[in-house]
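Residue-level listing of the chains:
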Amino acid sequence: MRTSKECPFCPGNEEMTPRAVAVYRDDGVFEDGETRIRGWWARCIPNMYPAMVQSPVAPTPEWMAMPARGGHEVIIESPDHESSPAAFNNETAIRMISVYADRYRYHIEHGSSYVSIFKNWGREAGASLSHTHTQLIALPLVPPLLMREISSISSMPACPYCMIAERESGSERIIFREGEWVCIAPFYSQTPYEMWILPFKHISNLIEINGSMLAGLGRALRDALHRLSALLNDPPYNYMLFQMSSNYHLNIRIQPAITRIAGFEKNTGIHINPVPPEQAASELRSIS
């Protein structure tokens, strides 16, 4: 296992971070006390610069605003300083997904309306530290983006994600299939080499996934990131989990940060993608 003496996310440097709210070891899940817990394979800590806090103070009385009440965690998925999800073995990838599910369950059960789970990989994609980690932000509201999506879905005769998973699994935009999951280059990709991972079953969130499906998702995410890394020489990227407590279709979106969102995109909401999804899927399929 490779470590760095200066990295706060490496084993042996646990005192450099806030006390962990969940420490995952082979013998169970624990919380840090006065003494920090060692021997972990994943660790969840409060973000030192949180976007959401338990007891927020309004910055100004001039405008009405909802307080930023919630939680903001960092999930350190591996003790290995030089590893990455693209290089994870299947066991590590599956464990990572199981931690996502566990922390999602915790925040939903403690009253959060929405739990955003996302990874920034590479400085250009927003990562401030190179040691692999995921961020979780628990919100007191459903984001407007999801509200608009849910409103559109509710007016349709059937779930569009179910139709996309079934239709695209036989199209030239499929990248691979892993058991009950499919990875595609979406027809309306916003970025070059964008990928979506979808379950064929209508599942709303990670809590609803059983053991075999969870393992399949871990393998699918690792496979997708491996192909992306091999094809584009480990590019910066973001991946985001979109899920709701109910009446939704879980999906994971992987977006390489290899083009910039500039004035036109910000002015119009229209994204220019120079790589057709059919070409992206073909190139990603070619990676073994």
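Residues numbered from 1 in each chain as written. Predicted model: local features only at pLDDT ≥ 70, side-chain atom pairs only at ≥ 80, totals over all residues. Heavy atoms only, no water.

A.B. asks: Please set out the overall build of the chain residue by residue, giving values where relevant.
C.D. replies: Counting secondary structure elements, the chain contains six helices and 11 strands. Taken over C-alpha atoms, the radius of gyration comes to 19 Å for the chain, in line with the 19 Å a tight globule of 288 residues would show. Viewed in the frame of its principal axes, the chain has a C-alpha envelope of about 55 × 50 × 40 Å. When the 288 residues of the chain are sorted by exposure, 51% land in the buried category. If you take every contact in the chain between residues at least 6 apart in sequence, the share linking residues at least 24 apart comes to 64%. Surface summary for the chain: the accessible area is close to 14400 Å², and the carbon and sulfur share equals 54%. (Helix = DSSP H or I, 4+ residues; strand = E, 2+ residues; numbered from the N terminus. Rg over C-alpha atoms; globule rule 2.2 N^0.38 Å. Buried < 20%, exposed > 50% of the residue type's maximum accessible area, 1.4 Å probe, protein only. Contact = heavy atoms within 4.5 Å. Areas by Shrake-Rupley, 256 points an atom, 1.4 Å probe, with all protein chains shown as cover.)

A.B. asks: Go over the nonpolar core, please, and point to the residues and values.
C.D. replies: Ranked by internal contacts, the top residues of the largest apolar core, which has 49 residues, are Tyr 100, Ile 197, Leu 206, Ile 209, Leu 221, Tyr 239 and Ile 254. Counting residues per element, this core draws most heavily on helix H4 (residues 211-232), at eight residues. Leaving out residues up to four positions away in the same chain, Ile 209 has contacts with Trp 181, Ile 203, Leu 214, Leu 217 and Leu 250. (Core = buried A, V, L, I, M, F, W, Y, C linked by side-chain atoms within 4.5 Å.)

A.B. asks: Hey, could you go over the pairing of strand E8 (residues 181-184) for me, with residue numbers and the actual values?
C.D. replies: Burial along E8 is two-sided: Trp 181 and Cys 183 and Val 182 and Ile 184, pointing in opposite directions, are all buried. Adjacent in sequence and paired antiparallel, strand E7 (residues 174-178) and E8 are bridged by two residues, among which Gly 179 carries a positive phi angle near 60 degrees. In the sheet, E8 pairs with strand E9 (residues 195-199) via four bridges, with the strands oriented antiparallel. By the bridge assignment, Cys 183 is partnered in E9 with Ile 197. (Pairing = 2+ DSSP bridges.)

A.B. asks: Can you break down the sheet that holds strand E4 (residues 71-76) residue by residue, with the values?
C.D. replies: The strand order E2-E1-E3-E4-E6-E5-E10-E11-E9-E8-E7 describes an open sheet built from 11 strands, whose pairing is antiparallel. Two strands in the sheet have a free side with no partner beyond their single neighbour: strand E2 (28-30) and E7. Taking the axes of each pair of neighbouring strands and ignoring which way they run, one obtains an average angle of 15 degrees across the sheet. In the sheet, strand E5 (residues 114-121) pairs with strand E6 (residues 134-139) via five bridges, with the strands oriented antiparallel. For Ile 117, the partnering residue across the bridge sits in E6 and is Leu 136. (Axes fitted to C-alpha atoms, helices over the stretch in contact; angles between N-to-C directions.)

A.B. asks: Before we move on, could you go through the packing of H4 against helix H6 (residues 277-285) and cite the residues and values that matter?
C.D. replies: It is at 9 Å that the axes of H4 and H6 come closest, and there the two elements cross at 95 degrees. When the axis of H4 is compared with that of H6, the two are roughly perpendicular. Taking contact as the criterion, the partners of Arg 227, Leu 228 and Leu 231 in H4 are, on H6, Glu 283, Leu 284 and Arg 285. Of the residues in the contact of H4 with H6, the class split is three nonpolar, no polar and three charged. (Parallel < 35°, antiparallel > 145°, perpendicular 65-115°, else oblique. Nonpolar A, V, L, I, M, F, W, Y, C, P; charged D, E, K, R; others polar.)

A.B. asks: Mind laying out helix H1 (residues 90-109), listing which residues take part and the relevant values?
C.D. replies: Each α-helix turn comprises 3.6 residues. Residues three or four places apart therefore point the same way. Its 20 residues give H1 an end-to-end C-alpha distance of 29 Å, which sits within 8% of 28 Å, the value for a rise of 1.5 Å per residue. Of the positions making up H1, those classed as buried are Ala 93, Met 96, Ile 97, Val 99, Tyr 100, Ala 101, Arg 103, Tyr 104 and His 107. One side-chain oxygen of the residue at the start of H1 lies 3.2 Å from the amide nitrogen of Glu 91, identifying that residue as Asn 89. After H1 finishes, the residue Gly 111 shows a positive phi value of roughly 100 degrees. (Expected span 1.5 Å × (residues − 1). Polar contact = N/O pair within 3.5 Å; in protein donor to acceptor, adjacent residues only side chain to side chain.)

A.B. asks: Please provide a residue-by-residue account of the pattern of salt bridges, values included.
C.D. replies: If you walk through the whole model with that rule in mind, you get 16 salt bridges. Residue Lys 119 is joined to Glu 77 by a salt bridge in which the shortest nitrogen-to-oxygen separation is 2.9 Å. Placement of Lys 119 in strand E5 and of Glu 77 in the loop between E4 and H1 is noted, with a sequence separation of 42 residues between them. Take Lys 119: its relative accessible area is 0%, and that puts it in the buried class. Measuring nitrogen to oxygen at the nearest pair gives 3.5 Å for the salt bridge that ties Glu 149 to Arg 253. Of this pair, Glu 149 sits in helix H2 (residues 144-154) while Arg 253 sits in strand E11 (residues 251-256), placing them 104 residues apart in sequence. (Salt bridge = Lys/Arg side-chain N within 4 Å of Asp/Glu carboxyl O.)

A.B. asks: Please give an account of the environment of Glu 124 that cites residues and values.
C.D. replies: For Glu 124, the location among the structural elements is in the loop between E5 and E6. Residues Glu 124 and Tyr 237 lie 113 residues apart in sequence; the distance between their C-alpha atoms is 8.1 Å. Aside from chain neighbours lying at most four places away, what touches Glu 124 is Pro 236 and Ala 257.

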